[in-house]
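So the chains spell out like this:
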Amino acid sequence: MAPESRRSQRRMHLRGLIRKESLQILRDPSSIAIAFLMPIVLLLLFGYGVSLDANHVPIGFVTGAATPQSESLVGAFRHSAYFKPTQYANMARAREALMAHRIDAIVHLQDDFPARLLTHRPLAIQLIVNGVDANKARIVQGYVGATVQDWLTRYQQIHGRESSMPVTLIPRIWFNSEVRSRDYLVPGLVAVIMTLIGALLTALVMAREWERGTLEALMVTPVNLREILLGKLIPYFILGMGGMVLSLVMALWLFNVPLRGSLIVLVFCAALFLLAALGMGLLISVIARNQFVAALVAIITTFLPAFLLSGFIFDINSMPNWLQWLTHLVAARYFVAILQTLFLAGNVWSVILPNALALAIMATFFIGVSRLRMNKRLE
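Rules behind the numbers
- Residues numbered from 1 in each chain as written.
- Predicted model: local features only at pLDDT ≥ 70, side-chain atom pairs only at ≥ 80, totals over all residues.
- Heavy atoms only, no water.
- Helix = DSSP H or I, 4+ residues; strand = E, 2+ residues; numbered from the N terminus.
- Rg over C-alpha atoms; globule rule 2.2 N^0.38 Å.
- Buried < 20%, exposed > 50% of the residue type's maximum accessible area, 1.4 Å probe, protein only.
- Areas by Shrake-Rupley, 256 points an atom, 1.4 Å probe, with all protein chains shown as cover.
- Lys, Arg positive; Asp, Glu negative; His and termini not counted.
- Charge placed at Lys NZ, Arg CZ, Asp CG, Glu CD.
- Patch = residues over 30% accessible without salt bridge, like charges linked within 9 Å, V, L, I, M, F, W, Y side chains within 5 Å.
- Salt bridge = Lys/Arg side-chain N within 4 Å of Asp/Glu carboxyl O.
- Core = buried A, V, L, I, M, F, W, Y, C linked by side-chain atoms within 4.5 Å.
- Contact = heavy atoms within 4.5 Å.
- Pairing = 2+ DSSP bridges.
- Axes fitted to C-alpha atoms, helices over the stretch in contact; angles between N-to-C directions.
- Parallel < 35°, antiparallel > 145°, perpendicular 65-115°, else oblique.
- Left-handed = near helix turned anticlockwise from the far one by under 90°.
- Nonpolar A, V, L, I, M, F, W, Y, C, P; charged D, E, K, R; others polar.

Novice: Residues and numbers for the overall build of the chain, please.
Specialist: Summing up its helical and strand segments, the chain has 14 helices and 4 strands in all. Its C-alpha atoms give the chain a radius of gyration of 28 Å, more than 25% over the compact-globule value 21 Å for 379 residues. Across its three principal axes, the chain shows a C-alpha extent of roughly 100 × 40 × 40 Å. Burial status across the chain gives 45% buried among its 379 residues. Carbon and sulfur atoms provide 64% of the accessible area of the chain, an area that totals close to 20,000 Å². Computed over 33 positive and 20 negative side-chain charges, the inter-centroid distance for the chain is 9 Å.

Pasting the structure below:
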């Protein structure tokens, strides 16, 4: 057969396989739901329901006798969006409220607080914080310290006194100036969603074909293994990119997360990551060949690492050294770094290029190993 005729025949085979797989996707509502409904649900849940910010923290004040100075300090907390202060007559009642979880912290002003303030003596303000949630406790501690310091600075300026601090700290926050955890979480969630679409969906669908024997039936036809792989991967690649576009639209227009980098770079890197996820799903289905086992393996080896070890929520640098090394095996780690950089910082090539290269290597590895395992032979 002439080379041109063979190429034409291969294109015809590939078109037929893609059409067959596309019809299979349209007939199966679960595939559409995973690709388009699940991103909407996850983004709404995480965008509106999950927040790492500490806002309107209930806090108790014990000030003893009301003085202009103590009322001014309590007023500073009352006008802050971070706190919801309540005053208590004594420490016993404040401790009771803390034990009952009605408040998360107690600010106790000593009886000589006004006198020390007026006579320029060192101030001592007791802060008791509920440390059950260690992360929140550290945030509350920092917020209280900053609020007291701001109030003290303003108080000294109003009364014409020099600041007792030898150095004035002028903070400036880069990349996420509003310090909104939503701007940090939503980009990372795109990686988790694409992991589910790429790996879980591919593993389930391919395992179902192994169970039904339709894949073996396909292997005895004139189509070759490369055509079968492309015929399977291309429709799910388009489906996954559709889910990514939906997630991107929701991030930009519903949650107002800024995109400071290039949209073209984002789409290119998303394509690399999706190929790696599709390769992982393909490899899982080739090894498992059972829907139940494939789903379990896909969740344990792709979704959970993407959720816990990618830097989506938990800082990788805060993990033990051995766990930090393990995160290098998680493809989502590289994509989360790219997403957070493109959304919040811009085109930082020193971050984008090495992570994109890692994604390309992982995509080549997983698809290559899947092809080797999926030999054209009936068992």
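Novice: Hey, could you go over a nonpolar patch on the surface for me, with residue numbers and the actual values?
Specialist: Side chains of Phe292, Val293, Leu296, Val297, Ile299, Ile300, Leu304, Leu308 and Phe314 sit close together on the surface and give an oily, nonpolar patch of about 770 Å² of accessible area. Take Phe292: its relative accessible area is 60%, and that puts it in the exposed class.

Novice: Tell me about the nonpolar core, and please be specific about residues and values.
Specialist: As a rule of thumb, nonpolar side chains are buried together in soluble globular proteins. In terms of nonpolar packing, the biggest core is built from 87 residues, with Leu189, Met194, Phe335, Phe343, Leu359 and Met374 touching the most fellow members. Ranked by residues supplied to this core, first place goes to helix α7 (residues 181-212) with 17 residues. If near-sequence neighbours (up to four positions away) are discounted, Met194 is found in contact with Ala199, Met244, Ala270, Phe273, Leu274, Ala277 and Phe335. Counting 20 residues, the second-largest nonpolar core is a separate cluster that includes Leu73, Val74, Phe83 and Val140.

Novice: Hey, could you go over the sheet that holds strand β2 (residues 83-88) for me, with residue numbers and the actual values?
Specialist: Pairing in this open sheet of 4 strands is mixed, and the strands run β2-β1-β3-β4 from one edge to the other. Every other strand in the sheet has two partners, leaving β2 and β4 (125-129) as the edge strands with one partner each. Recorded for the sheet is a direction-independent mean angle of 25 degrees between the axes of neighbouring strands. Relative to β4, strand β3 (residues 105-109) is paired through 5 bridges, and the arrangement is antiparallel. The residue bridging Ala105 from the neighbouring strand is Val129, located in β4. Running over the sheet, helix α3 (residues 68-78) touches β1 (57-62), β2, β3 and β4 and is turned about 150 degrees from β2.

Novice: So what's going on with the packing of helix α10 (residues 263-288) against helix α11 (residues 291-308)? Residues and values would help.
Specialist: Axis separation between α10 and α11 bottoms out at 9 Å; the angle between their running directions is 140 degrees. With respect to their mutual orientation, α10 and α11 come out oblique. Our pair here, α10 against α11, has a crossing hand that is right-handed. Where α10 abuts α11, its residues Met280, Ile284 and Ala288 lie against Val293, Ala294, Val297, Ala298, Thr301 and Thr302. Its residues assigned to classes, the contact of α10 with α11 shows 7 nonpolar, 2 polar and no charged.

Novice: Report on the environment of Phe36, specifying residues and quantitative values.
Specialist: Position of Phe36 among the secondary structure elements: in helix α2 (residues 29-49). Through-space distance from the C-alpha of Phe36 to that of Arg154 is 52 Å; in sequence the pair is 118 residues apart.

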